[in-house]
Amino acid sequence: MKIEYLQEVGSTNDYIRRYLESGEDIAVCARRQTGGKGTKGRSFLSCEGGVYLSFLRFFSDFPSRNAFYIMQHAAVSVCRTAEEFGIEPVIKWPNDVLVGGRKIAGILIENTFSGGEIKNSIVGIGLNVSNNLGGLSDIAVNLNEASGRTLSCGQVRDRLIAHFCGTGFLQSDKLYRECVRLGAITVVTAEERYAATARRVLDDGRLEIERDGKISALSAAEVSVRL
Ligand code: BTN
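Residues numbered from 1 in each chain as written. Predicted model: local features only at pLDDT ≥ 70, side-chain atom pairs only at ≥ 80, totals over all residues. Heavy atoms only, no water.

**Considerations on the sheet that holds strand β10 (residues 207-211)**
- Taken together, 5 strands build an open sheet; the order of strands is β11-β10-β9-β8-β12 and the sheet is antiparallel. Pairing within the sheet leaves two strands with one partner each, and these edge strands are β11 (214-218) and β12 (224-226). Sheet twist, expressed as the mean angle between neighbouring strand axes with direction ignored, is 45°.
- Sheet analysis places β10 next to β11, joined by 5 bridges and oriented antiparallel. Each bridged residue has a counterpart across the sheet, and for L207 the counterpart in β11 is L218. (Pairing = 2+ DSSP bridges. Helix = DSSP H or I, 4+ residues; strand = E, 2+ residues; numbered from the N terminus. Axes fitted to C-alpha atoms, helices over the stretch in contact; angles between N-to-C directions.)

**Concerning a nonpolar patch on the surface**
- Together, L45, L136 and I139 give the surface a local cluster of nonpolar side chains, amounting to about 260 Å² of exposed area.
- One can find L136 in the loop between β7 (117-128) and α3 (143-147).
- On the basis of relative accessibility, which here comes to 35%, the residue L136 falls in the partly exposed class. (Patch = residues over 30% accessible without salt bridge, like charges linked within 9 Å, V, L, I, M, F, W, Y side chains within 5 Å. Areas by Shrake-Rupley, 256 points an atom, 1.4 Å probe, with all protein chains shown as cover. Salt bridge = Lys/Arg side-chain N within 4 Å of Asp/Glu carboxyl O. Buried < 20%, exposed > 50% of the residue type's maximum accessible area, 1.4 Å probe, protein only.)

**A word on the site of the ligand**
- In the region of the ligand, 18 residues are neighbours, and S11, Q33, K37, T39 and K103 sit closest.
- Within the backbone of T39, one N or O atom sits 2.8 Å away from an oxygen atom of the ligand.
- Between the ligand and K103, the relevant distance is 2.5 Å, taken from an oxygen atom to a side-chain nitrogen or oxygen of the residue.
- Elements with a minimum of two residues in the shell around the ligand: α1 (12-15), β3 (50-58), β6 (102-114) and β7.
- Take the shell around the ligand: its biggest share by element is 4 residues, from β6.
- When grouped by side-chain class, the residues that make up the shell around the ligand number 5 nonpolar, 11 polar and 2 charged. (Near = heavy atom within 4 Å. Polar contact = N/O pair within 3.5 Å; in protein donor to acceptor, adjacent residues only side chain to side chain. Nonpolar A, V, L, I, M, F, W, Y, C, P; charged D, E, K, R; others polar.)

**Looking at the nonpolar core**
- One finds W93, I125, L127, L143, Y176 and L207 to be the most contacted residues of the largest nonpolar core, which totals 53 residues.
- Per-element accounting of this core gives the leading share, 9 residues, to helix α2 (residues 68-84).
- Every residue in contact with L207, bar those within four places of it in the chain, is listed here: W93, L182, I185, A198, R200, V201, S216, A217, L218 and V225.
- Within the second largest apolar cluster, 10 residues are counted, among which are V9, Y19, A30 and L56. (Core = buried A, V, L, I, M, F, W, Y, C linked by side-chain atoms within 4.5 Å. Contact = heavy atoms within 4.5 Å.)

Next comes the structure, spelled out in structure tokens:
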């Protein structure tokens, strides 16, 4: 896969859009972002010392109902990378990667849909390596602190690319299920907040929960969870 390396960019997810007409898979990485984007319209702190990486993948025959496989694969690629450096991460459904309850990586996926299929996907991953997390250090952590090692962004980035490109999207299922944290959670919706038990992740990516003895399935677009 072609890889482009940048010093600074607004957002690698936005930058990579210039290749949407090319039909060729590519990865773009930057040392820092000035306008890093997070999920749900939030911003993503992107100062030097993190890996900021976007992949553009083109598909033929990838049904929209399988969109979750992309997210699953990205989360598993981050977990495999962190494991290589001696860390045991957990996935907070659907795709935040945590170590010791603090977030080490975030994933933002932007798909292009047409006729019931995903035509292409921009998969953006931000992974904290040596960056100073400032005021976020109670909720976020970097790989160096978590591993007690001094890792360079370049070596972590190269392993992340290798893991992301190394297997197909359908093969990440087992590790995802091993890493995703089930059990007691707090569910937060636009209207309410309640305690529940996460039971399993369904094949379509929804989270099956039990609340007051009743089973239901949550969609990541509608709720967020706290561990
Ligand atoms: C989140 O946790 O809210 C998702 C964060 C995703 C951040 C990555 S960094 C590389 C890519 N470029 C962006 O602007 N965002 C993603």
